[in-house]
Amino acid sequence: MTPPAQDSTAGAKSYLVAETTWSSWLMTSDHKRIGIMFLAATFLAMLLGGVVALILRIEHLTPHHTVVDAMTYNRLFTLHGVIMVWLFMIPAIPAGLGNFLLPLMLGARDVAFPRLNLLSFYVYLLGAGITLSAMLMGGTDTGWTFYTPYSATSPTAVAPVVAGVFVLGISSIMSGINFIVTTHALRPRGMGWFDMPLFVWGIYATSIIQVLATPVLGLSLALVVLDHSFSWGIFDPARGGDPVLFEHLFWFYSHPAVYIMILPAMGVISEVVCTFSRKNPLSYKAIAYSSLGIALVGFLTWGHHLFVAGQSAYASGAFGIISELVAVFSAIKVVTWLGTMYRGSIAFTTPMAYVFIFLFLFVFGGMTGVAQAAMSLDVHWHDTYFIVAHFHFIMVGGTLTGLIAGLHYWLPKITGRLPNERVGLIAAALVLMGFVITFVPQFLLGNAGMPRRYYDYPVRFQALNVISTVGSWLLSSGILLAFGSLLHAAFRGPRAGSNPWGSRSFEWRTASPPITANFERPLDLVPGAYDYSVVNPHD
Amino acid sequence: MTELFAETQDGVALAERDSLRRLGMMVFLASEAMLFAGMFTLYAAGRIRHPQAFADGVDHNLRWVGTANTYVLLTSSWCIAMAVVRLRSGSRRSALLLVSATMLLGLLFLGLKGYEYQWHLAEGDGPMAVARHDPGIALFMGLYWLMTGTHALHVIAGLIFLGYVAWRVAYRQANDRLLEVAAWYWHLVDLIWVFIWPLFYLLGRVSR
């Protein structure tokens, strides 16, 4: 192991201390600093969205009025969805961890367009500002999906929320273009596509979706604003428009968007599994191709959100079958991860604990997705709490656990300090318990017929709702403990050395934290990123 | 090896920067294409539902403006393509003349477009008045303002981009690669108009 970071880099200072002024952060074009700023911004968004979630759960402690009135409830669940989807989950892993790691994993100095990268951060802030400014105008009550015709007529502040999300989309496209070009053009000579660390495949597949699907979201949101502000009626049947058309355009983006959230998390899992099993992946190509497969098939599944919207039964059948394909690709990944662990030398660290949580929640939630993609079952579950539980299992259970795993795993890379294992494992246990207690009752509630987005419910649903609310307290304390421990370790943790986990992946072949230019010497591509069969000359 | 490394360390050597820009522009154009693909989808859905109203709407537009603008943009695309060829063969001066011609044609396009917008406004058909029409026509006029408006914004963006590149070529010795990337963008804007032209100016009920 190498001595502390600053000494190991022979003169050049780490990117954290090379410059320390405010402007050296705010005007930086260093992908590492931009990545950290994205992580910080998305973390704040998660806290805000989380507080709203807690209020929503407390409201459901009793059937009728508990703490907020019905109108406020509608505005709060909209706010929760908008913040968590667009301000937190879509940018968190790609623009945060992805920004930090992509050039390091490719042995590059920076992303392809560093200034565009910084611009994408400020566009994100602008979009977040516009979106959240709606809170001062009383918020909006359409739900995060902005379904027409209601969103075109709602008297609440639809326009700023929708316009803000439009701006966030521009930021997302900028990141996507940057990452695609970086992956194509900045690999060093000698690094082929199948030599890249698997996380890069996850980010690359995500970027394809960001670049090709986000414009369609932008279009549909712009039209909602025009309908709302000028009564154009593009989606208003009374004026010759078609509200279902909005659903088509919206889900053409927003279904692939769930793969924007999960694919980078899957990339994190691939890295963590290989490092802590000290093995090459069971099949590198299976993981790489299934990432692309999910991204591409994801473009053809949007219709499963329209099973009860009057879509033709043939279209629904086709969309259902194509949707099941996503489960096939996901299963390939899960089997490959398990096969990688099989006979590996597993180190049960905090990141690895989150991998197991991810696998449990993702497989469980994924199974419910398989069931829902079947038209006959979905008609029963449509718009119930079953759906809410399903997508929280995938998104929170997938994206959030992937993010926390990644933050523990790469904390030494980012800060040069080690996270606290004991606190990390306790937090992981809390997250798992809290998560299961929060969302399993919601499956039962939905199956029993409790609709989503309703303020009120019959008394017979109260017991399960109370359990779910208590679970949300456990879950949030687990998340707070995890992030609190990470923040503490980032400033006060023990020094890590350049490669504390003994990983073979390329980002560990330079100092931790890296120097501003990333690498002192050209990245040595031998041994490969997952070759644990030889002694690592870089240790 | 050290030389190669110096290249990557300094971010990107000049030749590599060109290839990054080309790839970046290609990916961006794919993104732009998806934006307009969404609009063409809306048009198709509207036209299938209201064939008569859409045909009437087409007859309501100024066909000569749309047609003239098609020639204007196609000519401008030829100019910018030739500008790239000229710059590649080293004649900076004639390349700059051709870029200027492209930009003038772009301005002419906007002028004609503005004339048509003015004509619609004078008829009381502005973007704020869409809701006053009968259902099908309202949809057509909404799409007209949306699609031609978004396209016009792209023409303006293209003009700004071309102006910047022309400045780089004239005073900063920029090479033909940068101009080529700008030309690609201009070609896409032109290509989109080639589809807007029949949908809003030709496929009417009356053949003139």
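Calculation criteria
- Residues numbered from 1 in each chain as written.
- Chains lettered and ligands numbered in written order.
- Predicted model: local features only at pLDDT ≥ 70, side-chain atom pairs only at ≥ 80, totals over all residues.
- Helix = DSSP H or I, 4+ residues; strand = E, 2+ residues; numbered from the N terminus.
- Rg over C-alpha atoms; globule rule 2.2 N^0.38 Å.
- Buried ≥ 20, exposed ≤ 12 C-beta atoms within 10 Å, placed from the backbone.
- Contact = placed C-beta atoms within 7 Å.
- Nonpolar A, V, L, I, M, F, W, Y, C, P; charged D, E, K, R; others polar.
- pLDDT = per-residue confidence, 0-100.
- Axes fitted to C-alpha atoms, helices over the stretch in contact; angles between N-to-C directions.
- Parallel < 35°, antiparallel > 145°, perpendicular 65-115°, else oblique.
- Left-handed = near helix turned anticlockwise from the far one by under 90°.
- Core = buried A, V, L, I, M, F, W, Y, C linked by C-beta atoms within 7 Å.
- Expected span 1.5 Å × (residues − 1).
- Bend = angle between axes of the 7 residues up to and from the residue.

**With respect to the overall build of chain A**
When helices and strands are tallied, chain A shows 16 helices and 0 strands. For chain A, whose C-alpha radius of gyration is 23 Å, the value lies close to the compact-globule estimate of 24 Å for 539 residues. The C-alpha extent of chain A, read off along each of the three principal axes, is 70 × 45 × 45 Å. A total of 539 residues make up chain A; the buried ones form 57% of that total.

**With respect to the overall build of chain B**
Assigned secondary structure in chain B consists of 7 helices and 0 strands. What you see in chain B, going N to C, is helices and strands ordered as α-α-α-α-α-α-α. Dimensions of chain B along its principal axes, counting C-alpha atoms only, are 70 × 35 × 30 Å. The buried share among the 208 residues of chain B stands at 39%. Restricting the contact set of chain B to residue pairs at least 6 apart, pairs at least 24 apart contribute 78%.

**Comments concerning the interface of chain A and chain B**
Counting from both sides, the interface comprises 32 residues of chain A and, opposite them, 30 residues of chain B. Secondary structure elements with two or more residues in the side of chain A that touches chain B: helix 7 (158-185), helix 8 (198-230) and helix 9 (243-277) of chain A. Looking at the side of chain A that touches chain B, its residues break down into 21 nonpolar, 6 polar and 5 charged.

**Let's talk about the environment of A:T301**
All names here are of chain A. With respect to the element layout, T301 can be found in the loop between helix 10 (284-297) and helix 11 (313-341). In this structure T301 comes out as buried when scored by C-beta crowding, with 25 C-beta atoms within 10 Å. With 50 residues separating them in the primary sequence, T301 and W251 have C-alpha atoms 8.8 Å apart. Setting aside residues up to four positions removed in sequence, T301 forms contacts with H255, F319, I322, S323 and V326.

**Some thoughts on the confidence of the model for chain B**
Residue and element names in this part refer to chain B. Here chain B averages 89 in pLDDT, and 91% of its residues register 70 or above. Taken together, the stretch residues 1-11 has pLDDT below 50 and engages in 11 contacts with residues farther than four places along the chain or on a different chain. Reported for the predicted complex are a pTM of 0.94 and an ipTM of 0.92.

**Overview of the packing of helix 8 of chain A against helix 9 of chain A**
Residue and element names in this part refer to chain A. Close contact between helix 8 and helix 9 brings their axes to 8 Å; oriented N to C, the two are set at 165°. Relative to helix 9, the element helix 8 lies roughly antiparallel. Of the two elements, helix 8 crosses helix 9, and the hand of that crossing is left-handed. In terms of residue class, the contact of helix 8 with helix 9 is made up of 22 nonpolar, 8 polar and 1 charged.

**Topic: the nonpolar core**
Residue and element names in this part refer to chain A. In this structure, V162 and I269 are the most contacted members of the largest nonpolar core, which totals 212 residues. Considering every element that reaches this core, the biggest residue donor is helix 9, with 21 residues. Filtering out sequence-adjacent residues up to four positions away, I269 remains in contact with W337, V355, F358, G402 and A405.

**A closer look at the packing of helix 3 (residues 31-59) of chain A against helix 4 (residues 70-106) of chain A**
Residues and elements named next belong to chain A. Helix 4 packs onto helix 3 with a crossing angle of 155° between their chain directions and a minimal axis gap of 7 Å. Regarding the angle of helix 3 to helix 4, the classification is roughly antiparallel. Of the two elements, helix 3 crosses helix 4, and the hand of that crossing is left-handed. Class assignment of the residues belonging to the contact of helix 3 with helix 4 gives a composition of 25 nonpolar, 7 polar and 2 charged.

**Concerning helix 7 (residues 176-202) of chain B**
An ideal rise of 1.5 Å per residue puts 39 Å on 27 residues; helix 7 of chain B measures up with 37 Å between its terminal C-alpha atoms. Of all the bends in helix 7 of chain B, the largest measures some 30° and sits at B:I196, one to four residues before the proline B:P198.

**Some remarks on helix 4 (residues 63-88) of chain B**
Side chains three or four residues apart in an α-helix point the same way, a direct result of the helix having 3.6 residues per turn. Residues and elements named next belong to chain B. Spanning 26 residues, helix 4 covers 38 Å between terminal C-alpha atoms, matching the ideal 38 Å at 1.5 Å per step. For helix 4, every residue scored as buried is listed here: G66, N69, V72, L73, S76, S77, C79, I80, A83, V84, R86 and L87. Note on helix 4: the residue one or two positions beyond its end, G90, has a positive phi of about 100°.

**Let's talk about the environment of A:R452**
Residue and element names in this part refer to chain A. Looking at the secondary structure, you find R452 in the loop between helix 15 (421-448) and helix 16 (462-492). Sequence separation between R452 and V379 is 73 residues; the distance between their C-alpha atoms is 14 Å. Every residue in contact with R452, bar those within four places of it in the chain, is listed here: D383, T384, Y385, I387 and V388.

**Examining unusual backbone geometry**
For residues that are not glycine, phi is negative in most cases, and the peptide bond is trans in most cases. Residue and element names in this part refer to chain A. With omega at 0°, the peptide bond leading from T148 into P149 counts as cis. Mapping P149 onto the fold places it in the loop between helix 5 (114-136) and helix 6 (150-153). The peptide bond linking V526 to P527 adopts the cis configuration, its omega dihedral lying at -5°. Looking at the element boundaries, P527 is found in the segment after helix 16.

**Notes on the environment of A:R509**
Residues and elements named next belong to chain A. By the element assignment, R509 lies in the segment after helix 16. Considering only alpha carbons, one finds R509 and S498, 11 residues apart in sequence, at a separation of 7.6 Å. Beyond its immediate chain neighbours, meaning those up to four positions away, R509 contacts L523, D524 and H538.

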